[in-house]
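One-letter residues, chain by chain:
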Amino acid sequence: MRLLSISSGKVTPLFGSHHPNYKVVASGINKTSISNLENPVPVEIGRLGIKGDEQADLSVHGGIEKAIYIYPAEHYAFWNELLTRETKQIVELNPGAVGENFTIEGLLEHEVFVGDRLTIGELEFSVVKLREPCFKFNAKMGYKGAAKAMLQSSFCGWYLRVIQTGALQAGEPIAIFPGPRDTSIADQNRALLNRNQQRNLWD
């Protein structure tokens, strides 16, 4: 298990316009890799996440409890295939493409539980909850069914709280230390999917 990439981004307009009948929807979902295996630059990680990273809506992203969004690189093949088929053009996503801060390998949603501790390099993190995709994710991916596909696939990723701050760079090993192990990220995803289906959110 290791960290493949660290990505950061600023809040920018995602879609919309300044026309009186519309509004600009801003988001920090557009992330760029600033430390990766080809260029493993040290990046400062504080209590609120990556130094300089921004989020537009702190009620759903960011803050102490959602300081870092982590995503397994293993899921990128799924997105490349799905988006290539749905958008009718070749899609090859790069780290950070789903809005994640940490792109990792070797650890998946069914293996991670709320309350687990992760060490990445010399830094320590706590697993908080799954990522719940919204309409901004659809806009970012250029496909109106992207949020639904994320939930149905359970390829959601999860949020981390920062326990030990400091500098971190791509290539660092990841270790996991079990917590109570009551609810996995995959369990949370299934529960959210069931709620959405019962409320007919996608009909």
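The notes below deal with the structure included here. (Residues numbered from 1 in each chain as written. Predicted model: local features only at pLDDT ≥ 70, side-chain atom pairs only at ≥ 80, totals over all residues. Heavy atoms only, no water.)

Thoughts on the sheet that holds strand E10 (residues 123-130)
Line of reasoning, step 1. Strand order in the open sheet formed by 8 strands is E4-E1-E8-E7-E11-E10-E9-E13, with mixed pairing between adjacent strands. The open sheet has two edge strands, strand E4 (32-36) and strand E13 (174-177), and neither has a second partner. Between one strand axis and the next, the sheet turns by 35° as a mean value, whatever way the strands run.
Line of reasoning, step 2. Taken strand by strand, helix H4 (residues 185-198) contacts E10 and strand E11 (158-164), and its axis lies near 20° from that of E10. (Pairing = 2+ DSSP bridges. Helix = DSSP H or I, 4+ residues; strand = E, 2+ residues; numbered from the N terminus. Axes fitted to C-alpha atoms, helices over the stretch in contact; angles between N-to-C directions. Contact = heavy atoms within 4.5 Å.)

Comments concerning the packing of helix H1 (residues 76-87) against helix H3 (residues 146-153)
Line of reasoning, step 1. It is at 12 Å that the axes of H1 and H3 come closest, and there the two elements cross at 140°. By the angle between their axes, H1 is oblique relative to H3. Both H1 and H3 take part in a crossing whose hand is right-handed. Residue-level inspection shows Phe78, Trp79 and Leu82 of H1 in contact with H3, the latter providing Ala146, Ala149, Met150 and Ser153. (Parallel < 35°, antiparallel > 145°, perpendicular 65-115°, else oblique. Left-handed = near helix turned anticlockwise from the far one by under 90°.)

Details of the environment of Trp79
Line of reasoning, step 1. On the secondary structure map, Trp79 appears in helix H1.
Line of reasoning, step 2. For Trp79, a relative accessible area of 0% gives the class buried.
Line of reasoning, step 3. Setting aside residues no more than four positions away along its own chain, Trp79 makes contact with Tyr71, Thr84, Leu93, Val98, Phe137, Met141, Ala146, Ala149 and Met150. (Buried < 20%, exposed > 50% of the residue type's maximum accessible area, 1.4 Å probe, protein only.)

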